[in-house]
Number of protein chains: 2
Amino acid sequence: MIKTSDEKYLKAIYQISLAENSSKATISELAYYLDLKPPTVLERLKILQEEKLITYKKAKGIVLTKIGEKESLNVIRKHRIWETFLHKVCKFSWSEVHELAEQLQNANSEKLIDRIYALSGSPKFDPHGDPIPDKSGKLPTSERRPLLNSVEGCKCVVLGVNEDSHDFLNYLTELKIGLNDKLFVEKIFVFDGSIKVKYKNNENAVLSSRVAEKILVTCTKPNCTCKN
Amino acid sequence: MIKTSDEKYLKAIYQISLAENSSKATISELAYYLDLKPPTVLERLKILQEEKLITYKKAKGIVLTKIGEKESLNVIRKHRIWETFLHKVCKFSWSEVHELAEQLQNANSEKLIDRIYALSGSPKFDPHGDPIPDKSGKLPTSERRPLLNSVEGCKCVVLGVNEDSHDFLNYLTELKIGLNDKLFVEKIFVFDGSIKVKYKNNENAVLSSRVAEKILVTCTKPNCTCKN
DNA sequence: ACACAAAGTTAGGCTTACCTAATAATATTG
DNA sequence: CAATATTATTAGGTAAGCCTAACTTTGTGT
Ligand SMILES: [Mn+2]
Ligand SMILES: [Mn+2]
Ligand SMILES: [Mn+2]
Ligand SMILES: [Mn+2]
């Protein structure tokens, strides 16, 4: 049986490994992500290794075993289902759900997860647009790319975000940009890559490239020339 | 700020103190209730005392301070609201909700409690018939007495139970006795005080006095001669 | 290739929450 | 009331999960 305290490591390792850029998870990354010091993390990694949840060699970094990956996906499933439930059923904003979900997700009842998932309407994606794994660990796919890769004139729809922080999510909320909103890319400023978008009833905003790379969209016009 | 680990002590002390019979909570009772050893409990009591949540003198036993009582009632509120939510909204049986609620109740969000309470229809009593304190700590009252105190011919309704154990609750469930069910006291056997009741569509059962003292009822006929 | 920076590792220490065993205080009862 | 049983307390110990400081290994740039 997997301990609650293992779960946060597994989830973190999974998330770090999956981050598009990074290939292998390292101790210092994990420590940073979990807000712990490297020796603490190292100590725990040895245990996770004994439990056959990961393999770790300084050369190859931290890699989840098959079992470890399965467990990770299960934690992620629980986390995202709680976030979904808190948002859809309990009407919390998308910036509030993460912390609360972290507290609730360690309750140990598959049945409970099933029930709150059903109460939420069993969607495929959480309030941040992240895919919810099914019980076997399969993830629904969706074509998403950073808004930053857009060309002028592109029409797209927001399918997710790359960051969960309050600051970021509240910023988007203030701009009135939310999940499933349609954006029209009016202008791209070559100088710094910032993007002017129009949306809703005449709302518009100029988004810095730092923000635009964290908003995930998909084009709504066929044959759009946006990158990737 | 009250720590999660304080909460279980406060809740336990409150419950023990309130148990009709016992007046003062003692270390060994607490230890038994919490499934810990006396030295562990004593150690923690000293801390709770420093935190001004209880007073403890071997003579007077363990007594909650005003603040301690307020906090206890808040934990109990959270616990009972989670139980209610799990039962009413998530459709768990009354024997399943206690353990799950214990795991969920330490999530730290007043707002969450408010929302799930509203989703449950804001009832005054939990799935075991126990009163849910309001935010100020006030408990709704209800006239309840053990079924054991009945006289023959009494008609009464089940308003609660005195014990949360799986075994007990599942036993009642097998007998098809649940909250708000009407019971007719057909016969009382003087020999051992067991009670034959009829209910629902010709269901009937002979309840041992051990069971009958744990079922809480109120008479439905005016001027019933049942005790207390 | 060598010097410096970054990352990993070891050693040792702290706190919390638990425990057992032994002792002291208090109740119960013949 | 003395013997005994129960309850409370003290002393000392363990394991988990964190830490800092110091050292070692690895990677990088000139
Ligand atoms: Mn999250
Ligand atoms: Mn999410
Ligand atoms: Mn309960
Ligand atoms: Mn209850």
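A few points on the structure. (Residues numbered from 1 in each chain as written. Chains lettered and ligands numbered in written order. Predicted model: local features only at pLDDT ≥ 70, side-chain atom pairs only at ≥ 80, totals over all residues. Heavy atoms only, no water.)

Another aspect to go through is the coordination of the manganese ion (ligand 2). Residue and element names in this part refer to chain A. Each protein donor to the manganese ion (ligand 2) is listed here as Glu83 (OE), Asp126 (OD) and His128 (ND1); together their distances run 2.1 to 2.2 Å. Binding-site remark: the manganese ion (ligand 2) is held by donors from one chain whose sequence spacing is E-x42-D-x1-H. Here the manganese ion (ligand 2) and the manganese ion (ligand 1) are spaced 3.6 Å apart, and both take Glu83 as a donor. Judged on exposure class, the residue Asp126 and its partner His128 are both buried. (Donors = N, O, S within 2.8 Å, 3.2 Å for Na, K, Ca; no water. Buried < 20%, exposed > 50% of the residue type's maximum accessible area, 1.4 Å probe, protein only.)

What follows concerns the coordination of the manganese ion (ligand 1). The coordination sphere of the manganese ion (ligand 1) contains the protein donors His79(A) (NE2), Glu83(A) (OE), His98(A) (ND1) and Asp164(A) (OD), at a distance range of 2.1 to 2.8 Å. Given the relative accessible area of 26%, Asp164(A) is considered partly exposed.

Of all residues adjacent to DNA strand C, which total 17 residues, the nearest are Ser28(A), Tyr56(A), Thr40(B), Arg44(B) and Lys58(B). Of all atoms in DNA strand C that approach within 4 Å of the protein, 73% are sugar or phosphate atoms. In the model, a phosphate oxygen of DNA strand C is placed 2.7 Å from a nitrogen or oxygen of the Tyr56(A) side chain. In this structure, a phosphate oxygen belonging to DNA strand C sits 2.8 Å away from a side-chain N or O atom of Arg44(B). Within the surface near DNA strand C, the residues separate by chemical class into seven nonpolar, four polar and six charged. (Near = heavy atom within 4 Å. Polar contact = N/O pair within 3.5 Å; in protein donor to acceptor, adjacent residues only side chain to side chain. Nonpolar A, V, L, I, M, F, W, Y, C, P; charged D, E, K, R; others polar.)

Moving on, we come to the protein's contact with DNA strand D. Residues in contact with DNA strand D amount to 17 residues; listed here are only the nearest, Thr40(A), Arg44(A), Lys58(A), Ser28(B) and Tyr56(B). Of what DNA strand D places within 4 Å of the protein, 72% of the atoms are sugar or phosphate. Between a phosphate oxygen of DNA strand D and a side-chain N or O atom of Lys46(B), the distance comes to 3.4 Å. Residues of the surface near DNA strand D, tallied by class, amount to seven nonpolar, four polar and six charged.

Right, let's get into the relation of the copies chain B and chain A. Here two copies of a chain appear, and what relates them is a rotation about an axis with a shift along it. Mapping chain B onto chain A calls for a screw motion: a turn of 180° about the axis and a shift of 0.1 Å along it, with 0.1 Å RMSD after fitting. Look at the turn and shift together and you get a two-fold axis relating the two. When C-alpha distances to the rotation axis are compared across chain B, the minimum falls at Leu104(B), with a value of 3.1 Å. Interface residue correspondence from chain B to chain A reaches 100%, placing this contact among same-surface, isologous pairings. (Least-squares fit on C-alpha atoms with pLDDT ≥ 70 in both. Contact = heavy atoms within 4.5 Å.)

When two helices pack together, their arrangement is given by the angle between the helix axes and by the axis-to-axis distance. All names here are of chain A. As a packed pair, helix 4 (residues 66-88) and helix 5 (residues 97-104) sit with axes 8 Å apart at the nearest point and diverge in direction by 125°. It follows from the interaxial angle that helix 4 and helix 5 lie oblique. In the packing of helix 4 onto helix 5, the handedness of the crossing is right-handed. Contacts between helix 4 and helix 5 involve His79, Trp82, Glu83, Leu86 and His87 on the former and, on the latter, Val97, His98, Leu100, Ala101, Glu102 and Leu104. (Axes fitted to C-alpha atoms, helices over the stretch in contact; angles between N-to-C directions. Helix = DSSP H or I, 4+ residues; strand = E, 2+ residues; numbered from the N terminus. Parallel < 35°, antiparallel > 145°, perpendicular 65-115°, else oblique. Left-handed = near helix turned anticlockwise from the far one by under 90°.)

The next subject is helix 7 (residues 166-174) of chain A. Residues and elements named next belong to chain A. All of the buried residues along helix 7 are Phe168, Leu169 and Leu172. All buried residues of helix 7 fall inside an arc of 90° around its axis, so they share one side. Within helix 7, the exposed residues directed more than 90 degrees away from the buried face are Asp167 and Glu174. Residues of helix 7 that are buried in the fold lie against strand 4 (155-161), helix 8 (209-212) and strand 8 (215-219). Following helix 7 by one or two positions, Lys176 has its phi on the positive side, about 65°. (Arc of directions from axis to C-beta.)

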